Amino acid sequence: MAPATPDIHALDVKRIAAISLDLDDTLWPIWPTIERAERVLHEWLVREAPKTADLLITPGVLRELREATEKERSDLAHDLSALRRESIRTALRRAGEDPALADPAFEVFFAERQRVTLYDDALPALQWLSERYPLVAVSNGNASVEQTGVGRWFRAAFSAREFGSGKPHPAIFRAAAASLGVAAGDVLHVGDDAALDVVGALGAGMQAAWLVRDERPWEHGARPHLIVPDLHALCAALDVA
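In this report, we go over the structure that sits alongside the text. (Residues numbered from 1 in each chain as written. Predicted model: local features only at pLDDT ≥ 70, side-chain atom pairs only at ≥ 80, totals over all residues. Heavy atoms only, no water.)

1. Section: the sheet that holds strand S5 (residues 207-211)
(1) Moving on: The 6 strands lie next to each other as S3-S2-S1-S4-S5-S6, forming an open sheet whose pairing is parallel. The two strands at the open ends of the sheet, each matched to only one other strand, are strand S3 (156-159) and strand S6 (226-228). Within the sheet, the average angular offset between the axes of one strand and its neighbour, ignoring direction, is 20 degrees.
(2) Moving on: Note that strand S4 (residues 187-191) and S5 share 4 bridges and pair parallel. In the sheet register, His 189 faces S5, and the bridge partner there is Ala 208.
(3) Moving on: Running at roughly 165 degrees to S3, helix H8 (residues 170-179) makes contact with strand S2 (135-139), S3 and S4 of the sheet. (Pairing = 2+ DSSP bridges. Helix = DSSP H or I, 4+ residues; strand = E, 2+ residues; numbered from the N terminus. Axes fitted to C-alpha atoms, helices over the stretch in contact; angles between N-to-C directions. Contact = heavy atoms within 4.5 Å.)

2. Overview of the packing of aromatic side chains
(1) Moving on: All chains considered together, the criterion is met by 4 aromatic pairs.
(2) Moving on: Judged by centre distance (5.0 Å) and plane angle (65 degrees), the rings of Trp 210 and Trp 218 are edge-to-face.
(3) Moving on: Of the residues examined, Trp 210 reaches a relative accessible area of 2% and is grouped as buried.
(4) Moving on: Put simply, the rings of Phe 106, Phe 109 and Phe 110 pair up and form one aromatic cluster.
(5) Moving on: We note Arg 213 situated over the ring of Tyr 119; from NZ or CZ to the ring centre the distance is 3.6 Å. (Phe/Tyr/Trp six-rings, centres within 6.5 Å; stacked < 30°, edge-to-face > 60°. Buried < 20%, exposed > 50% of the residue type's maximum accessible area, 1.4 Å probe, protein only. Lys NZ or Arg CZ within 6 Å of the ring centre and 35° of its normal.)

3. Some thoughts on the nonpolar core
Soluble globular proteins: nonpolar side chains tend toward being buried together.
(1) Moving on: Ranked by internal contacts, the top residues of the largest apolar core, which has 34 residues, are Ile 19, Leu 135, Phe 154, Leu 188, Leu 234 and Leu 238.
(2) Moving on: Top element by residues in this core is helix H10 (residues 231-238). It accounts for 6 residues.
(3) Moving on: The contacts of Leu 188, once residues within four sequence positions are left out, are Leu 11, Ile 16, Ala 18, Ile 19, Ser 20, Gln 207, Ala 208, Ala 209, Leu 234 and Leu 238.
(4) Moving on: Listed in part, the 23 residues of the second largest apolar core include Phe 158, Ile 172, Ala 176 and Val 187. (Core = buried A, V, L, I, M, F, W, Y, C linked by side-chain atoms within 4.5 Å.)

4. Let's talk about the pairing of S2
(1) Moving on: Taking burial as the measure, the 5 residues of S2 include 5 buried ones, the bulk of the element.
(2) Moving on: The two faces of S2 match: Leu 135, Ala 137 and Ser 139 on one face and Val 136 and Val 138 on the other face are all buried.
(3) Moving on: Pairing of strand S1 (residues 18-21) with S2, which is carried by 3 bridges, proceeds in the parallel orientation. Each bridged residue has a counterpart across the sheet, and for Leu 21 the counterpart in S2 is Ala 137.

5. What to know about helix H6 (residues 122-130)
(1) Moving on: Buried within H6 are the following residues: Ala 122, Ala 125, Leu 126, Trp 128 and Leu 129. Take H6 and look down its axis: the buried residues cluster within an arc of 170 degrees, on one side only. (Arc of directions from axis to C-beta.)

6. Considering the pattern of salt bridges
Where charged atoms from two side chains of opposite charge approach closely, those side chains can pair.
(1) Moving on: The tally for this structure, following the rule as stated, stands at 13 salt bridges.
(2) Moving on: Where Glu 38 meets Arg 84, a salt bridge forms, and the shortest distance between an N and an O atom there is 2.9 Å. Placement of Glu 38 in helix H1 (residues 30-48) and of Arg 84 in helix H4 (residues 80-94) is noted, with a sequence separation of 46 residues between them.
(3) Moving on: Residue classification places Arg 84 among the buried residues on the basis of a relative accessible area of 7%.
(4) Moving on: Residue Glu 131 pairs with Arg 132 through a salt bridge whose shortest N-O separation is 3.5 Å.
(5) Moving on: The exposed category is assigned to Glu 131, whose relative accessible area is 54%.
(6) Moving on: On the accessibility criterion, Arg 132 (43% relative accessible area) is partly exposed. (Salt bridge = Lys/Arg side-chain N within 4 Å of Asp/Glu carboxyl O.)

Have a look at this one:
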């Protein structure tokens, strides 16, 4: 299980020249954000496409449509925005309403998706980290660092949607390092997802910190260099000078 205090024995702090950070579930909890955005989308559909709104009241229908869209449009696997838009379009078609409404409907969802509530430790940690290291965001999600209000602390941001592929593939990690002018081996990547963040970063040659806010077992082979329960603990682990 994740320890209550950071284990820094495997981490080479002196080697760190930059830090890459995941966004969703690292700086803010994602599911409350998505659930609220889906409620706002549904309210819009009630006004603009009531038959589709009625269809989506049934529990699980939107998820079913999204999963079907993922299977049908494997070319969009890295683009959560496109998958969301196309699942809305499918719902409109199924309800017999104008599929062109998918675009404005998605914009309603997307705007609300950017209204995140940061974890209490996020802003102090971003301030502390950015004063000591150049930071780059690396995310498979469709959050914008500018629209979510955290852009001031990042030198650059990489999303799977814009890059064309996402974590755990090494290319996005290496591109993030290159954007800061450092080698991947000189970057510490921090994220909550064991497979996407930690295993992915290790595969790209980075050091990796697993941010695990709840108790979960480590179920992979290669282990993170650091395990922390929150971002305060991350900063404490790095403050060894």
